[in-house]
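Okay, here's what each chain looks like letter by letter:
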There are 2 protein chains.
Amino acid sequence: MAAEMAEQPDRLAGLFDRSAEIARTVRAVAPEPWGTTVVVARGSSDHAATCGRYLLEMATRRPVSSASPSISTRYRVPMDFAGCLVVAASQSGRTPEIVETVQLARAHGGRTLAITNDGESPLAAAADATIALGVGIEQAVPATKTVTAQIAAFGLVAEAVRPVGFGPEVCARIPAEVAGLLADAEPAGAIADWLSTANRLVTVARGLLGGAAAETALKIQETTSLLAAFYSAADLRHGPIATASRALPVLAFAHPGPTAADVLGLVDDLRRRGADVRLAGPVDGSSLWWSTELPEAVAPITAVVRGQQVALALARALGRDPDHPSGLSKVTAT
Amino acid sequence: MAAEMAEQPDRLAGLFDRSAEIARTVRAVAPEPWGTTVVVARGSSDHAATCGRYLLEMATRRPVSSASPSISTRYRVPMDFAGCLVVAASQSGRTPEIVETVQLARAHGGRTLAITNDGESPLAAAADATIALGVGIEQAVPATKTVTAQIAAFGLVAEAVRPVGFGPEVCARIPAEVAGLLADAEPAGAIADWLSTANRLVTVARGLLGGAAAETALKIQETTSLLAAFYSAADLRHGPIATASRALPVLAFAHPGPTAADVLGLVDDLRRRGADVRLAGPVDGSSLWWSTELPEAVAPITAVVRGQQVALALARALGRDPDHPSGLSKVTAT
């Protein structure tokens, strides 16, 4: 996991070098008119898709739906995907239900695009077009370099439609930013110390960073078996905030921008209730910094890297093998 | 909370009596052609909307998107909702961000439908049409009768488009079924005993019951401060299943139908890993039964009632006041 995390600057740079090719792929597969985008993914790929969902709504200005595959694969509803771009993200490209969902969407009028590490995978074969991430085989079970590449790929797909913050000048600076974070592991170690006696954690964010906070919760669950749940800052207020009365550990993600005040206001409320809150992002009082010089649109990449560092450091602090979590495998059957 | 739970058979019967009127409302507001449905909700209402999402995809055969309100209200993206039916669910009809999201969707080409308890609320005023649930004021903070009425309303909206299982003969039998469950509180008491020493819980389901399992997790969080997280059975396999190695309590929901085998297979796997799993639904080995005579489409209603019973019994077992959870209020600002 550590070795694959370290590859991320180079892998991202390689992907950004292909921005023009990816834009051509998107334009060739785009429905005209572009009605709705449907994202299809599970696990870490689904968190990348959640980041992508915001960027795609900003780019297309049309609703994005996160598919419930069971509608097609279990309930056998003959869906109509006319006017839809169906974007499936899967690290291996081999999760059978994701492949089947794409096959059914394509057969029912959808234009289909695969974002996967393996351009020769069944998912790539099923889709009209493929963005092969080219990040190399991932040996550790918890996905890392694939996730940041998937987020970047979603950003480039959106940017092909309308500028959303993934332009060439920004992309050119992301690899060095990620390399700088990776060279600065100490803050994540401090967060790992803080969590080393916890058996549960809540992560919180709003808007663009939501997928990154959810991915951090998942990565920590995969490497440490801690129960970690993500909530959007707005959803947490609608009920789950009641759990904060028991000194619950909370890791809140924020980046300066339109949703930061919502998150920071929630943090104040959580602390008043006795929750033990740490902040991630370039905001006052943060424990896990990253640069403010890049736009919020690309902050999910830096936030995910910070979360990977926490998951890795916590696994080591707990004496666990982060590369081989109990009973997980790289390809999941459903 | 107990008193409002007890009203549910009568409140549901009152709503089902208005099926024809609701169908007329839906037909009057439906976009032509009906492109995409967008649901807008938070908290318990969002779980009702998740149940509704499956029913609406079955009915319209078009993708349903769960709105991220921040896209409109924070990032100020000028979305295009042409061809969309935007369905907002809110108990009070007064959550400002939900109202603003509907106003913006209506101003940007969407047809808008409010599902709310208060037909005179700002949400009702903002929408093209309203289904006023008419279940009466809910005094307890954890919503109960509103949630089952919202699920029923989503079912009736879907049924107005195409039969999905909420036809008159089925609806006529739901109130008695719910009354029967409410008269049978003992099984929920046993689940509450099981959870009384836990500080975390995972709920699991797949497909139609997903929203009900998520609502059960939320209701338990609201009334007891236990950290309870919902996962779809398919998503749990993509990483979070690693948490099952620590004797994690899991409540799995299943109803005979296309997704039951996925849930029951997962339950076997979870037990092999040492998780402490209890089942809810009319399946072998279940601790919380309901009738198999009603179709899976309406099982979210019965499942939610079973979850309410667990949340109430657990709050009582822990000496908490289920009606006034710490620091929650009926109207939430974001």
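Residues numbered from 1 in each chain as written. Chains lettered and ligands numbered in written order. Predicted model: local features only at pLDDT ≥ 70, side-chain atom pairs only at ≥ 80, totals over all residues. Heavy atoms only, no water.

Caption draft 1: Fine view of the environment of Ala132(A). All names here are of chain A. Checked against the element boundaries, alanine 132 lands in strand β5 (residues 129-132). Given the relative accessible area of 26%, alanine 132 is considered partly exposed. Spatially, the C-alpha atoms of alanine 132 and threonine 95 are 16 Å apart, while their sequence positions differ by 37 residues. Discounting chain neighbours no more than four positions away, the residues touching alanine 132 are Arg18, Thr116 and Gly119. (Helix = DSSP H or I, 4+ residues; strand = E, 2+ residues; numbered from the N terminus. Buried < 20%, exposed > 50% of the residue type's maximum accessible area, 1.4 Å probe, protein only. Contact = heavy atoms within 4.5 Å.)

Caption draft 2: Summary view of the confidence of the model for chain A. Residues at a pLDDT of 70 or more form 97% of chain A, whose mean pLDDT is 94. The ipTM, which scores confidence in the relative placement of chains, is 0.95 for this predicted complex, and the corresponding pTM is 0.96. (pLDDT = per-residue confidence, 0-100.)

Caption draft 3: Representation of the interface of chain A and chain B in the model. Across the boundary between the two partners, chain A contributes 72 residues, which contact 72 residues of chain B. Note on chain A versus chain B: buried area summed over both sides is about 6100 Å², and carbon and sulfur give 52% of it. For the pair chain A and chain B, the interface holds eight salt bridges. Asp262(A) is the salt-bridge partner of Arg74(B), the closest N and O atoms lying 2.6 Å from each other. For the pair chain A and chain B, the number of links is 32 residue pairs in polar contact (both at pLDDT 80 or more). Of all elements in the fold, only β1 (36-40), α4 (43-60), β2 (64-66), α5 (70-73), β6 (200-205), α11 (210-224), β7 (227-232) and α12 (233-237) of chain A reach the threshold of two or more residues within the side of chain A that touches chain B. (Buried area = accessible area lost by both parts, 1.4 Å probe. Salt bridge = Lys/Arg side-chain N within 4 Å of Asp/Glu carboxyl O. Polar contact = N/O pair within 3.5 Å; in protein donor to acceptor, adjacent residues only side chain to side chain.)

Caption draft 4: Summary view of helix α11 (residues 210-224) of chain B. For α11(B), with 15 residues, the first-to-last C-alpha span of 21 Å sits near the 21 Å given by 1.5 Å per residue. A positive backbone phi angle near 70° is found at Ser225(B), which sits one or two residues after α11(B). (Expected span 1.5 Å × (residues − 1).)

Caption draft 5: Just unusual backbone geometry, in detail. Residues and elements named next belong to chain A. Residue proline 33 follows glutamate 32 across a cis peptide bond; omega there is -5°. Note on placement: proline 33 falls in the loop between α3 (19-29) and β1. For arginine 61, which is not glycine, the phi torsion reads 60° and is therefore positive. You can see arginine 61 is positioned in the loop between α4 and β2.

Caption draft 6: Region of interest: the packing of α4(A) against helix α8 (residues 145-159) of chain A. Residue and element names in this part refer to chain A. Between α4 and α8, the least distance of the axes is 8 Å, while the angle of their chain directions is 20°. The angle between α4 and α8 places the two elements in the roughly parallel class. The interaxial crossing formed by α4 with α8 has right-handed handedness. Residues Ser44, Ser45, Ala48, Ala49, Cys51, Gly52, Leu55, Leu56 and Ala59 of α4 form the contact with α8, whose own contacting residues are Val147, Gln150, Ile151, Phe154, Gly155, Val157 and Ala158. Of the residues that constitute the contact of α4 with α8, the class distribution is eleven nonpolar, five polar and no charged. (Axes fitted to C-alpha atoms, helices over the stretch in contact; angles between N-to-C directions. Parallel < 35°, antiparallel > 145°, perpendicular 65-115°, else oblique. Left-handed = near helix turned anticlockwise from the far one by under 90°. Nonpolar A, V, L, I, M, F, W, Y, C, P; charged D, E, K, R; others polar.)

Caption draft 7: Spotlight on the pairing of strand β4 (residues 111-116) of chain B. All names here are of chain B. Among the six residues that make up β4, five are buried, leaving the element largely enclosed by the rest of the structure. Note: strand β3 (residues 84-90) against β4, six bridges, orientation parallel. The residue bridging valine 86 from the neighbouring strand is threonine 112, located in β4. Assessed by its sense of winding, the connection that carries the chain from β3 through helix α6 (residues 96-107) to β4 is right-handed. Alignment of β4 against strand β5 (residues 129-132), held across four bridges, turns out to be parallel. Residue leucine 113 lies in a different strand from β5, and its bridge partner there is alanine 129. (Pairing = 2+ DSSP bridges. Right-handed = clockwise from strand over helix to strand, strands pointing away.)

Caption draft 8: Spotlight on the packing of α11(A) against helix α14 (residues 299-317) of chain A. Residues and elements named next belong to chain A. The geometry of α11 relative to α14 is characterised by a closest axis approach of 9 Å and an angle of 20° between their N-to-C directions. Between α11 and α14, the crossing angle belongs to the class labelled roughly parallel. Of the two possible hands of crossing, α11 and α14 adopt the one that is right-handed. Contacts between α11 and α14 involve Ala212, Glu215, Thr216, Lys219, Ile220, Thr223 and Thr224 from the former and Pro300, Ala303, Val304, Gly307, Val310, Ala311, Leu314 and Ala315 from the latter. Here the contact of α11 with α14 is composed, by residue class, of nine nonpolar, four polar and two charged.

Caption draft 9: Examining helix α2 (residues 8-16) of chain B more closely. All names here are of chain B. Of all the residues in α2, the buried ones are Gln8, Pro9, Leu12, Leu15 and Phe16. Along the axis of α2, the buried positions cluster into a sector of 130°, meaning they face one direction only. On the buried face of α2, the contacting elements are α1 (2-6), α3 (19-29), α8 (145-159), α9 (168-182) and α14 (299-317). (Arc of directions from axis to C-beta.)

Caption draft 10: Quick look at the relation of the copies chain A and chain B. The operation relating chain A to chain B is a screw motion whose rotation component is 180°, with 0.0 Å of axial translation and a residual RMSD of 0.0 Å. With respect to symmetry, the two chain copies, as superposed, fit the operation of a two-fold axis. No C-alpha of chain A lies nearer the rotation axis than that of Ser65(A), which sits 2.0 Å from it. An overlap of 100% is found between the interface residues of chain A and their copies at the interface of chain B, pointing to a shared contact surface. (Least-squares fit on C-alpha atoms with pLDDT ≥ 70 in both.)

Caption draft 11: Broad picture of the sheet that holds strand β8 (residues 249-253) of chain A. Residue and element names in this part refer to chain A. Strand order in this open sheet of four strands is β7-β6-β8-β9, and the pairing throughout is parallel. Every interior strand has two partners, whereas the edge strands, β7 and β9 (276-280), have only one. Direction aside, neighbouring strands of the sheet carry axes that sit 25° apart on average. Where β6 lies against β8, three bridges are found, and the strand directions are parallel. The partner of threonine 203 across the bridge, within β8, is leucine 251.

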